[in-house]
Amino acid sequence: MILKRLSPIFLFLNSKQWLTVFSFFLIWGISTLGYWKKYEWNPSSMVNFGYEFALQNQKETPEKAILFKGEPGDLGAGYDGQIFYYFSRPLSEFNLNWPKGFDESYRAPRIGYPLLVAFFGLLGKTSAIFGMYFWNISLILLSYFYLRKLLDEETKPFAILYLLSPFALGSYYVLVSDSVMVSILIIAYYYYVKENYIPFVVLSSLAILTKEPALFLLFPLGLAALFRKDWRRMLVVGSVLIIPVCWHLYLAYRFPNWRPGRLTDFILPFEGLISYMESIWRLVGSGSHWKDLARLLSRFPLVILFFLGLFLPFTGKIRKGWEFRISFSLIMFMVGTAGYYHFWSVYENVSRMFTLSIPILLLLLNEDKTIRKQEYILFTLLILVLFLVKVLLISRQLHYQVGF
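- Taking an unreviewed UniProt entry as the reference, the chain is identified by name as Glycosyltransferase family 39 protein belonging to Leptospira soteropolitanensis.

**Focus: the overall build of the chain**
Moving on, step 1. Across its full length, the chain holds 21 helices and 3 strands.
Moving on, step 2. Taken over the C-alpha trace, the chain has a radius of gyration of 21 Å; the compact-globule value for 404 residues is 22 Å, and the two agree within 12%.
Moving on, step 3. In terms of principal-axis extent, the alpha carbons of the chain reach across some 60 × 50 × 45 Å.
Moving on, step 4. When burial is assessed residue by residue, the chain has 57% of its 404 residues classed as buried.
Moving on, step 5. Put simply, of all contacts in the chain between residues at least 6 apart along the chain, 75% involve residues at least 24 apart.
Moving on, step 6. Positive and negative side-chain charges in the chain, numbering 39 and 26 respectively, have mean positions lying 5 Å apart.

**Things to note about the sheet that holds strand β3 (residues 400-402)**
Think of a sheet as strands paired side by side through backbone hydrogen bonds, with each pair either parallel or antiparallel.
Moving on, step 1. Spatially, β1-β2-β3 is the arrangement adopted by the 3 strands of the open sheet, whose pairing is mixed. Single-partner strands in this sheet number two, and they are β1 (49-50) and β3.
Moving on, step 2. Looking at chain direction, strand β2 (residues 66-68) and β3 are connected through 3 bridges and run antiparallel. Note that in β3 the partner of Phe68 across the bridge is Tyr400.

**A word on the nonpolar core**
Moving on, step 1. Judged by nonpolar contacts, the single largest core of 133 residues is most densely connected at Tyr162, Phe200, Trp344, Phe354 and Tyr376.
Moving on, step 2. Each residue touching Tyr376, except ones within four places of it in the same chain, is listed here: Leu305, Leu308, Gly309, Leu312, Phe328, Met332, Phe354, Ser357, Ile358 and Leu361.

**A few points about the packing of helix α20 (residues 357-367) against helix α21 (residues 374-394)**
Moving on, step 1. Running from N to C, α20 and α21 cross one another at 150°; their axes reach a closest spacing of 12 Å. The orientation of α20 with respect to α21, classified from their angle, is roughly antiparallel. Of the two elements, α20 crosses α21, and the hand of that crossing is left-handed. Between α20 and α21, the contacting residues are Ser357, Ile358 and Leu361 on the first element and Tyr376, Ile377 and Thr380 on the second.
Moving on, step 2. By residue class, the composition of the contact of α20 with α21 is 4 nonpolar, 2 polar and no charged.

**What about the pattern of salt bridges?**
Moving on, step 1. For the structure shown, the criterion picks out 13 salt bridges.
Moving on, step 2. For Glu195, the salt bridge is made with Arg233, and the minimal N-O distance between the two is 3.8 Å. Of this pair, Glu195 sits in the loop between α9 (178-193) and α10 (197-210) while Arg233 sits in helix α12 (residues 231-239), placing them 38 residues apart in sequence.
Moving on, step 3. Exposure remark for Glu195: the relative accessible area of 48% places this residue in the partly exposed category.
Moving on, step 4. Owing to a relative accessible area of 17%, Arg233 belongs among the buried residues under this scheme.
Moving on, step 5. A salt bridge links Arg372 to Glu375; the nearest nitrogen and oxygen atoms lie 2.8 Å apart.
Moving on, step 6. Ionic contacts of the salt-bridge type, sharing partners, join the residues Asp80, Asp178, Lys211 and Arg352 into one network.

**Some remarks on the packing of aromatic side chains**
Moving on, step 1. Applying the stated rule across the entire model yields 40 aromatic pairs.
Moving on, step 2. With 4.4 Å between their ring centres and 75° between their planes, Phe87 and Trp98 make a pair best called edge-to-face. In this pair, Phe87 sits in helix α4 (residues 81-92) while Trp98 sits in the loop between α4 and α5 (112-121), placing the two residues 11 residues apart along the sequence.
Moving on, step 3. Residue Trp98 is classed as buried on the basis of its relative accessible area, which comes to 12%.
Moving on, step 4. Ring-pair connections join several aromatic residues into one group, and the members of that group are Tyr35, Tyr39, Phe68, Tyr173, Tyr347, Phe387 and Tyr400.
Moving on, step 5. Over the face of the ring belonging to Tyr192 we find Arg233, whose NZ or CZ atom lies 4.3 Å from the ring centre.

**Topic: the UniProt feature "transmembrane region" (unreviewed entry) in the chain**
Moving on, step 1. Feature annotation in UniProt places "transmembrane region" (unreviewed entry) on residues 18-36, 159-192, 198-227, 234-253, 296-314, 326-343 and 377-395, given in this structure's numbering.
Moving on, step 2. Secondary structure content for residues 18-36 is 100% helix and 0% strand, and the end C-alpha separation is 26 Å.
Moving on, step 3. As a span, residues 326-343 carries 83% helix and 0% strand, and end to end its C-alpha atoms are 23 Å apart.

**What about α21?**
Moving on, step 1. Look at α21: 28 Å from first C-alpha to last across 21 residues, which is about the 30 Å you get at 1.5 Å a residue.
Moving on, step 2. Within the sequence span of α21, burial applies to Tyr376, Ile377, Leu378, Thr380, Ile383, Leu384, Phe387, Lys390, Val391 and Ile394.

About the criteria used
Going along each chain's sequence as written, the residues are numbered from 1 onward. Side-chain atom pairs in this predicted model are given and counted only at pLDDT of 80 or more, local residue features only at pLDDT of at least 70, and totals for whole chains, interfaces and linings cover all residues. Only heavy atoms go into the side-chain values, all of them from the structure, while hydrogens and water stay out. Helical segments are the DSSP runs of H or I of at least four residues, strand segments are the runs of E of at least two, and each set is numbered from the N terminus. Our radius of gyration looks at C-alpha atoms and nothing else; its globule reference is 2.2 Å times the residue count to the power 0.38. The classification of residues rests on relative accessible area computed with a 1.4 Å probe and restricted to protein chains. Under 20% of the type maximum is buried, over 50% is exposed, and intermediate values are partly exposed. Residues count as neighbours in contact if any of their non-hydrogen atoms are within 4.5 Å of one another. Within this scheme the basic residues Lys and Arg register as positive and the acidic residues Asp and Glu register as negative, but His and the chain ends are omitted. A charge is said to be at NZ when it belongs to Lys, at CZ for Arg, at CG for Asp and at CD for Glu. Here, any two strands with at least 2 DSSP bridges between them count as paired. For the purposes of this section, nonpolar cores are sets of buried Ala, Val, Leu, Ile, Met, Phe, Trp, Tyr and Cys residues that join through side-chain atoms within 4.5 Å. Note on definitions: angles span 0 to 180 degrees between N-to-C directions of axes, and those axes are lines fitted to C-alpha atoms, for helices only across the stretch in contact. In this scheme, roughly parallel covers angles under 35 degrees and roughly antiparallel covers those over 145, while 65 to 115 is roughly perpendicular and the rest are oblique. Crossing handedness: left-handed means the near helix sits turned counterclockwise from the far one by under a right angle, and right-handed means the same turn made clockwise. Under the grouping applied here, Gly and all other residues not named as nonpolar or charged are polar, the nonpolar ones being Ala, Val, Leu, Ile, Met, Phe, Trp, Tyr, Cys and Pro and the charged ones Asp, Glu, Lys and Arg. A pairing counts as a salt bridge when a side-chain nitrogen of Lys or Arg comes within 4 Å of a carboxyl oxygen of Asp or Glu. Two rings belonging to Phe, Tyr or Trp (six-membered ring only in the last case) form a pair when the distance between their centres is within 6.5 Å. Interplanar angles under 30 degrees mark stacking, angles over 60 mark edge-to-face geometry, and anything in between is tilted. Consider the ring centre and the ring normal. A charge sits over the ring if Lys NZ or Arg CZ is within 6 Å of that centre and within 35 degrees of that normal. UniProt positions are given in the numbering used here, feature names are shortened, and annotations may be inferred rather than shown by experiment. Residue count minus one, scaled by 1.5 Å, sets the expected span of a helix.

As structure tokens, this is what we get:
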């Protein structure tokens, strides 16, 4: 019922694309300025340079960058955006020297985003930071219009969910690779549908090299081609692995301790969810400040969304869009097996795991209008509102310094 009441808004925005794009820039702009305000309006703050890592890579750190000095329980100084920045620097200088202080086991395979940033990095360190903003913003906008072309007229109004996804926004908010990967993947899928296979292979390979969950769509596409005995498409989908495999072979040679199976260390079924719920009870029992409780509870809507996501692929006419049902289930599997220490303990870490779920939901809805979509869509919109509240009212300023 609630979604039906919201339908006129979706339809209106669909008929006024300029307003949809304006809404995107308004929400992303408010989030950006809200972050910059806490750190002297310095754009480098969203890269999240950690002082200890900046010190080890001082030559490649911008002179007046915001350097975070670490907080209790924040898993170390800074955040993942700095890894992609530092990895882009040697690429801009035409070498493959891995930056100091970072574990190459599960970071080095993700060369796609640093490679894109490196094009801007040719002009200097400040330009590299600009590139991180540019790719996140431009690719999500571009892929939005590609996605609209894939949807029929009945589904198209819901495409705004992709553009205003709180998960893509959360990825951008810390300038990491999730929304970049999803954007590239959607553009690649468009070329797959149009049977323009060279761009599909190149872009899909880049998406995998940006982040491995790109396989959550590509693998079901290969299964669908196998099931339909479409040998040409099977070959095309299989060929997207050539470039990533070559890169992994190079890494095995370059880093003797590197192993692709390292990612399996993070598969801990329901450990993250259980530990998160336990942390809520502990904090409630301790009588902590309401802001601390609010920060912890900010992840609770994601718990509800996860269980809604487990249910969703099994609604509607199961035989329709089954490759997207598999894809959606794989995303939920990733969320459900994420551990507490590396994922559920930090809002941004678990939130951005849902990024791919929005376009997959839309593609599934395009195939089967009878799926139970209302709850997932409404909670996604609620999470967007809560994210903006978190950004503007709850998130606190962290300890930092400007440059060295």
